[in-house]
Amino acid sequence: EAQVTQNPRYLITVTGKKLTVTCSQNMNHEYMSWYRQDPGLGLRQIYYSMNVEVTDKGDVPEGYKVSRKEKRNFPLILESPSPNQTSLYFCASSGLAGQDEQFFGPGTRLTVL
Amino acid sequence: GQQVMQIPQYQHVQEGEDFTTYCNSSTTLSNIQWYKQRPGGHPVFLIQLVKSGEVKKQKRLTFQFGEAKKNSSLHITATQTTDVGTYFCLNSGGYQKVTFGTGTKLQVIP
């Protein structure tokens with residue numbers, strides 16, 4: 001089954017404790033992206049990747065890092081989480097450089113205390 | 001990124017009434033996509049519009065791309081409770097960095 005998986009689905013952590021949210025897709029997609037969703041603000045792009053070893057900033061990259069060492073994986077790293085990063089995070093992938101439909105993961109609800 | 005405004009932010013309708021959400025951009029869009037997110041779920045792709053003035057239909061849903069490719073609309077005829085959710089537009093195509101509209105949350109009252 002074609003899918004995007006994210007782990008963990010829920011996470012409560014404390015300020016400053018490094019964390020990684022994993023994202024994996026099994027569709028051989030080139031394009032992958034991370035979004036955060038906050039009430040009233042919709043979905044905002046954090047980082048995206050056009051292919052392996054190619055990443056770039058979205059609209060809200062501050063406080064986040066990503067890597068794309070393999071085509072299928074695109075982890076989101078929070079080196080020193082802060083309460084303003086409490087949000088719902090979605091990973092997505094698509095086939096043609098963001099021009100095809102995006103397939104979203106189930107989401108990760110992160111709370112930073 | 002591009003600014004994509006979406007209105008209204010919320011809409012409550014009686015079951016059977018029609019519903020429309022609009023996306024407006026300050027600049028010309030290459031393509032536009034529409035997504036639906038059910039409560040507690042993740043966004044799911046509905047459709048992509050590419051051509052100026054394009055109109056596409058999916059059962060009770062009608063999608064339109066403006067002639068100037070700066071706006072788009074999604075119209076639902078005779079809403080049902082299964083239509084509940086938030087509808088987002090997304091500029092896509094030619095832009096690696098994408099921008100979602102702020103979304104319209106639809107509530108359908110049985």
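Here the structure is a predicted model, which is why all the values come from computation and not from measurement. Numbering of residues starts from 1 in each chain and follows the order in which that chain's sequence is written. Each chain gets a letter, beginning with A, and each ligand a number, beginning with 1, in the order they are written. The predicted nature of this model means local features are confined to residues of pLDDT at least 70 and side-chain atom pairs, given and counted, to a pLDDT of 80 or more, with totals for whole chains, interfaces and linings taken over all residues. To get the side-chain values, take all heavy atoms of the structure and skip hydrogens and water.

J.: Looking at this structure, how should I read the overall build of chain A?
T.: Put simply, DSSP marks the helices as runs of H or I at least four residues long and the strands as runs of E at least two long, and each gets a number from the N terminus on. Per the secondary structure count, chain A includes zero helices and eleven strands. Walking chain A from its N terminus toward its C terminus, one meets helices and strands in the order β-β-β-β-β-β-β-β-β-β-β. Taken over the C-alpha atoms alone, chain A extends approximately 35 × 25 × 25 Å along its principal axes. Note on contacts: a residue pair qualifies if any of its non-hydrogen atoms lie within 4.5 Å across the two residues. Within chain A, contacts between residues at least 6 apart in sequence are counted, and of these 53% link residues at least 24 apart. Throughout, the Shrake-Rupley method with a 1.4 Å probe supplies accessible areas, and for residues the shown protein chains are the sole cover considered. Carbon and sulfur atoms make up 51% of the accessible area of chain A, which amounts to about 5,200 Å² in all. When charges are tallied, Lys and Arg are placed among the positive residues and Asp and Glu among the negative ones, while His and the ends of the chain are skipped. Where a charge sits is defined by one atom per residue type, namely NZ (Lys), CZ (Arg), CG (Asp) or CD (Glu). Between the averaged position of the 12 positive side-chain charges in chain A and that of its 11 negative side-chain charges there is a distance of 8 Å.

J.: Explain the state of the cysteines here, please?
T.: A covalent bond between the sulfur atoms of two cysteines is what we call a disulfide. When the sulfur atoms of two cysteines come within 2.5 Å, that pair is taken as a disulfide. Here the structure, examined in full by the defined rule, presents two disulfides over all chains. Here Cys-23 of chain A engages in a disulfide with Cys-91 of chain A; their sulfurs sit 1.8 Å apart. Here the S-S torsion is close to -70 degrees, and the disulfide linking Cys-23 of chain A with Cys-91 of chain A is therefore left-handed. Of the two residues, Cys-23 of chain A is situated in strand β3 (residues 19-25) and Cys-91 of chain A in strand β9 (residues 87-94); the sequence distance between them amounts to 68 residues. An identical accessibility class is assigned to Cys-23 of chain A and Cys-91 of chain A; each is buried. Disulfide partner of Cys-23 of chain B: Cys-89 of chain B, at an S-S distance of 1.7 Å. Relative accessibility decides the category of a residue: with a 1.4 Å probe and only protein chains considered, values under 20% of the type maximum give buried, values over 50% give exposed, and everything between is partly exposed.

J.: Please clarify how the interface of chain B and chain A should be interpreted in this entry.
T.: Taken together, the contact pairs 22 residues of chain B with 23 residues of chain A. Once two parts are brought into contact, the accessible area they lose, counted with a 1.4 Å probe and summed over both, makes up the buried area. Summed over both partners, the interface of chain B with chain A buries about 1,700 Å², with 52% contributed by carbon and sulfur atoms. Any pair of nitrogen or oxygen atoms within 3.5 Å is treated as a polar contact; in protein, a donor-acceptor pairing is required on top of that, and neighbouring residues in sequence qualify only through side-chain atoms on both sides. The interface formed by chain B and chain A holds four residue pairs in polar contact (both at pLDDT 80 or more) in total. The set of elements that each furnish at least two residues to the side of chain B that touches chain A consists of β4 (31-37), β5 (44-49), β9 (85-92) and β10 (99-100) of chain B. By residue class, the composition of the side of chain B that touches chain A is eight nonpolar, 13 polar and one charged. We call Asp, Glu, Lys and Arg charged. Ala, Val, Leu, Ile, Met, Phe, Trp, Tyr, Cys and Pro are nonpolar, and the rest, Gly among them, are polar.

J.: What's the story with unusual backbone geometry in this structure? I'm lost.
T.: The general pattern is negative phi for most residues beyond glycine and trans for most peptide bonds. Cis geometry marks the peptide bond from Asn-7 of chain A to Pro-8 of chain A; its omega dihedral reads -5 degrees. Residue Ile-7 of chain B is joined to Pro-8 of chain B through a cis peptide bond whose omega torsion reads -5 degrees. Its place among the elements puts Pro-8 of chain B in the loop between β1 (4-7) and β2 (10-14). Phi is positive for Glu-53 of chain A, which is not a glycine, with a value near 65 degrees. For Glu-53 of chain A, a relative accessible area of 61% gives the class exposed.

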